[in-house]
Amino acid sequence: AEKAGAPFTFHEGTDHAGPEIQQYKVFVNPSQSEVLCTATAEALAMGKVCVIAKHTSNEFFEQFSNVYTFSNPQELRERLQ
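So, here is what we can say about the structure in this document. (Residues numbered from 1 in each chain as written. Predicted model: local features only at pLDDT ≥ 70, side-chain atom pairs only at ≥ 80, totals over all residues. Heavy atoms only, no water.)

### Here's the deal with the packing of aromatic side chains
So, step 1. Following the criterion strictly, the structure yields two aromatic pairs and no others.
So, step 2. Taking 5.5 Å as the distance between ring centres and 75° as the angle between the ring planes, the aromatic pair formed by Phe60 and Phe61 counts as edge-to-face.
So, step 3. Relative accessible area serves as the criterion here: at 1%, Phe61 is assigned to the buried category.
So, step 4. Both rings, one in Phe60 and one in Phe64, keep their centres 5.8 Å apart while their planes meet at 70°; by these two values the pair is edge-to-face.
So, step 5. Owing to a relative accessible area of 47%, Phe60 belongs among the partly exposed residues under this scheme.
So, step 6. Three or more aromatic residues link up through ring pairs in this structure, and these residues are Phe60, Phe61 and Phe64. (Phe/Tyr/Trp six-rings, centres within 6.5 Å; stacked < 30°, edge-to-face > 60°. Buried < 20%, exposed > 50% of the residue type's maximum accessible area, 1.4 Å probe, protein only.)

Structure representation (structure tokens):
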């Protein structure tokens, strides 16, 4: 991200039940290569709003009311507003 000039900060991994992430309400997973992503399932179980790529590997998650999908960068921006 730094090399590309993108305004992102990457942090070390943490436990999903850790207090440092309880404050966050939205989970974003742009991956298109994971099959039934465990991180997305955990975020849903914690009641987070999930924004995920529209992809066959994510179809299972589309049944949940707190899941929003995107197909391109513009849709991702719209979902995050």
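There's more to say after this.
### Considerations on the side chain of Ser57
So, step 1. When you line up the elements, Ser57 lands in the loop between β2 (49–53) and β3 (67–70).
So, step 2. Side chain to side chain, Ser57 and His55 meet in a polar contact 2.9 Å long. (Helix = DSSP H or I, 4+ residues; strand = E, 2+ residues; numbered from the N terminus. Polar contact = N/O pair within 3.5 Å; in protein donor to acceptor, adjacent residues only side chain to side chain.)

### Let's talk about the sheet that holds β2
So, step 1. Overall, parallel pairing links the three strands, which are arranged β1-β2-β3 in an open sheet. Each edge of the open sheet is held by one strand with a lone partner, namely β1 (26–29) and β3. Going from strand to strand, the sheet's axes swing by 20° on average, the running direction of each strand aside.
So, step 2. One ladder, built from four bridges, connects β2 with β3; its direction is parallel. Residue pairing for β3: Ile52 is matched across the bridge by Thr69. (Pairing = 2+ DSSP bridges. Axes fitted to C-alpha atoms, helices over the stretch in contact; angles between N-to-C directions.)

### Focus on a nonpolar patch on the surface
So, step 1. On the surface, Val26, Val28 and Leu80 cluster together into a nonpolar patch covering about 230 Å² of accessible area.
So, step 2. Along the polypeptide, Leu80 turns up in the segment after α3 (73–79).
So, step 3. According to the relative accessible area criterion, Leu80 is partly exposed, its value standing at 47%. (Patch = residues over 30% accessible without salt bridge, like charges linked within 9 Å, V, L, I, M, F, W, Y side chains within 5 Å. Areas by Shrake-Rupley, 256 points an atom, 1.4 Å probe, with all protein chains shown as cover. Salt bridge = Lys/Arg side-chain N within 4 Å of Asp/Glu carboxyl O.)

### A look at helix α2 (residues 38–45)
Since the α-helix packs 3.6 residues into each turn, any two residues three or four apart lie on the same face.
So, step 1. Along α2, the positions that sit buried rather than exposed are Thr40, Ala43 and Leu44. Looking down the long axis of α2, one finds its buried residues gathered within 100° of arc, a one-sided arrangement. Away from the buried face of α2 by more than 90 degrees, exposed residues Thr38 and Ala45 are located.
So, step 2. Those residues of α2 that are buried are in contact with β1, β2 and β3.
So, step 3. Just downstream of α2, Gly47 is the residue with a positive phi angle, here 80°. (Arc of directions from axis to C-beta. Contact = heavy atoms within 4.5 Å.)

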